[in-house]
Amino acid sequence: MRTNTKYYCLSLFLIVTIFGCKTDEKQGKTAVVKEEKEIKKIVKPIVISTWNHGIVANEEAWKILSKGGSALDAVEQGVRTAEANPEVQTVGLGGFPDREGNVTLDACIMDHNSNCGAVSFLQHIKHPISVARKVMEETPHIMLTGQGALQFALEQGFKKEELLTPKSKKAYEEWLQKSNYKPVINIENHDTISMLALDEDGNISGACTTSGAAWKMHGRVGDSPIIGAGLFLDNEVGAAAATGLGEAVIRTAGSAMVVELMRQGKSPYQACKEVVERIYKIHKNHSDLEYLQVGFIALNKDGEYGSYCLRPGFNYAIQNEISSNELLDADYMIK
């Protein structure tokens, strides 16, 4: 009898350990119950990018992701479409120039191992994102700038070319008539292309590239090439990228803060929203509030995505097996 009791107690212990237990306070009895754990389906691969030119960029990235390719290759090839398109006057070829008529480019890229590369104030090279990747893979540094970045690009075989197209030159000449620096919301200073991707292996990469604010001072650099501001990711958590007035994003380490909030358990949407609200709080009495626009996109390890911006007008493109490359309007704060 004692032996049977011993085995009974051991069996009960194992059952309670495996299935869990709860106490009925009224009867004072212990009931064996099964613990149900939610199984969340991870949506991958997936790619998300900023603005309507993100549609074409996603198409290019999806060619890689849908065949099991890496997120790093996908984001690089994806944003190159905007860099090469002279009709996108805020990125690469045909970008709006600075106050002296020079097209200067900023870009950064980051992979799932937290390797990153960036270039800033780069001239005469159509694809700064690819130069940024070369910085990441071929040098001990993270960022090269100005003449140093150009020298490196040429050594790596990139072609030097004129980036100021007749269309952008005409816009610049018209601006010179008044020389009034007042960025137009959602147009000339906000159309950076940022892209985040999660591949089939569960790895995240991101890229960001721009010609910066139109009519900026010569030498100005925004948030786009700065890891932690324009782009940030942690492969255990997720990724975020920014668009909008770079100075405002830099002041808050915007993308890094979005990722950190996701680490604390917030959804991509919630994290983007909280950082936009922080930016507004800092700038609500600032002189640039009149033309201030910032927006974020975010993606977590489960393939959940979200976006939020300060003012209406920001949109983003999303593509996965569920969403067939659709353009969505982001929620916004200032109604």
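Please refer to the structure higher up on the page.
Rules used throughout
Residues numbered from 1 in each chain as written. Predicted model: local features only at pLDDT ≥ 70, side-chain atom pairs only at ≥ 80, totals over all residues. Heavy atoms only, no water. Pairing = 2+ DSSP bridges. Helix = DSSP H or I, 4+ residues; strand = E, 2+ residues; numbered from the N terminus. Contact = heavy atoms within 4.5 Å. Axes fitted to C-alpha atoms, helices over the stretch in contact; angles between N-to-C directions. Buried < 20%, exposed > 50% of the residue type's maximum accessible area, 1.4 Å probe, protein only. Arc of directions from axis to C-beta. Salt bridge = Lys/Arg side-chain N within 4 Å of Asp/Glu carboxyl O. Phe/Tyr/Trp six-rings, centres within 6.5 Å; stacked < 30°, edge-to-face > 60°. Lys NZ or Arg CZ within 6 Å of the ring centre and 35° of its normal. Polar contact = N/O pair within 3.5 Å; in protein donor to acceptor, adjacent residues only side chain to side chain. Parallel < 35°, antiparallel > 145°, perpendicular 65-115°, else oblique. Left-handed = near helix turned anticlockwise from the far one by under 90°.

Thoughts on the sheet that holds strand β10 (residues 238–244)
For step 1, the next point in the chain: The mixed open sheet is built from five strands, whose spatial order is β9-β10-β11-β12-β15. Edge positions in the sheet fall to β9 (231–234) and β15 (331–332), since each has one partner strand and no second.
For step 2, the next point in the chain: As defined by bridge partners, strand β11 (residues 294–300) adjoins strand β12 (residues 305–309) across five bridges and the pair is classed as antiparallel. The residue bridging Ile-297 from the neighbouring strand is Ser-307, located in β12.
For step 3, the next point in the chain: Where helix α8 (residues 254–263) meets the sheet, it contacts β9, β10 and β11, and its direction lies at approximately 145° from that of β10.

Concerning helix α5 (residues 146–155)
For step 1, the next point in the chain: For α5, the set of buried residues is Gly-146, Ala-149, Leu-150, Phe-152 and Ala-153. Seen along its axis, α5 keeps its buried residues to an arc of 165°; they face one direction. In α5, the exposed residues that point more than 90 degrees away from the buried face are Gln-147 and Glu-155.
For step 2, the next point in the chain: On the buried face of α5, the contacting elements are β5 (116–122), α4 (128–138) and β6 (143–145).

Description of the pattern of salt bridges
For step 1, the next point in the chain: Considering all chains together, one arrives at twelve salt bridges under this definition.
For step 2, the next point in the chain: The closest approach of N and O atoms between Glu-60 and Lys-63, which form a salt bridge, is 3.3 Å. Here Glu-60 and its partner Lys-63 are both found in helix α2 (residues 54–65), three residues apart, which amounts to about one turn of the helix.
For step 3, the next point in the chain: By relative accessible area, which is 49% here, Lys-63 ends up partly exposed.
For step 4, the next point in the chain: Asp-288 is paired through a salt bridge with Arg-251; the nearest N and O atoms lie 3.8 Å apart. Residue Asp-288 is found in the loop between α9 (268–283) and β11, and its partner Arg-251 is found in helix α7 (residues 246–251); the two are separated by 37 residues along the sequence.

Here we look at the environment of Ala-240
For step 1, the next point in the chain: Residue placement: Ala-240 occurs in strand β10.
For step 2, the next point in the chain: Ala-240 gets classed as buried once you look at its relative accessible area, which sits at 0%.
For step 3, the next point in the chain: Counting along the chain gives 67 residues from Ala-240 to Ser-307, while the straight-line C-alpha distance between them is 9.3 Å.
For step 4, the next point in the chain: With sequence-adjacent residues up to four places away left out, Ala-240 is seen in contact with Leu-196, Gly-230, Leu-231, Phe-232, Ser-255, Val-258, Val-259, Ile-297 and Ala-298.

Notes on the packing of aromatic side chains
For step 1, the next point in the chain: Considering all chains together, one arrives at seven aromatic pairs under this definition.
For step 2, the next point in the chain: Each ring, one from Phe-96 and one from Trp-215, has its centre 5.2 Å from the other, and the planes form 50°; the classification is tilted. Of this pair, Phe-96 sits in the loop between α3 (71–83) and β4 (105–110) while Trp-215 sits in the loop between β8 (204–210) and β9; the two residues are 119 residues apart in sequence, bridging distant segments of the chain.
For step 3, the next point in the chain: On the basis of relative accessible area, Phe-96 is assigned to the buried category, the value being 10%.
For step 4, the next point in the chain: Centre to centre, the rings of Trp-175 and Trp-215 are 5.4 Å apart; their planes meet at 15°, and the pair counts as stacked. A residue pair is termed long-range when its members are at least 10 positions apart, and Trp-175 in helix α6 (residues 166–176) and Trp-215 in the loop between β8 and β9 qualify at 40 residues.
For step 5, the next point in the chain: Using a relative accessible area of 5% as the deciding quantity, one classes Trp-215 as buried.
For step 6, the next point in the chain: It is Lys-335 that lies over the ring of Tyr-332; its NZ or CZ is 4.4 Å from the centre.

A word on the side chain of Ser-307
For step 1, the next point in the chain: Relative to the elements of secondary structure, Ser-307 occurs in strand β12.
For step 2, the next point in the chain: Within the structure, Ser-307 has its side chain in polar contact with the backbone oxygen of Phe-296 (distance 2.7 Å).
For step 3, the next point in the chain: When residues no more than four places from it in sequence are discounted, the contact partners of Ser-307 are Tyr-269, Cys-272, Phe-296, Ile-297, Phe-314, Tyr-316, Ala-330 and Asp-331.

Concerning the packing of α2 against α3
For step 1, the next point in the chain: Running from N to C, α2 and α3 point in directions that differ by 150°, and their axes come no closer than 7 Å. When the axes of α2 and α3 are compared, the pair comes out roughly antiparallel. In the crossing of α2 with α3, the sense of the turn from one axis to the other is right-handed. Taking contact as the criterion, the partners of Val-56, Ala-57, Glu-60, Ala-61, Ile-64 and Leu-65 in α2 are, on α3, Ala-71, Asp-73, Ala-74, Gln-77, Gly-78, Val-79 and Thr-81.

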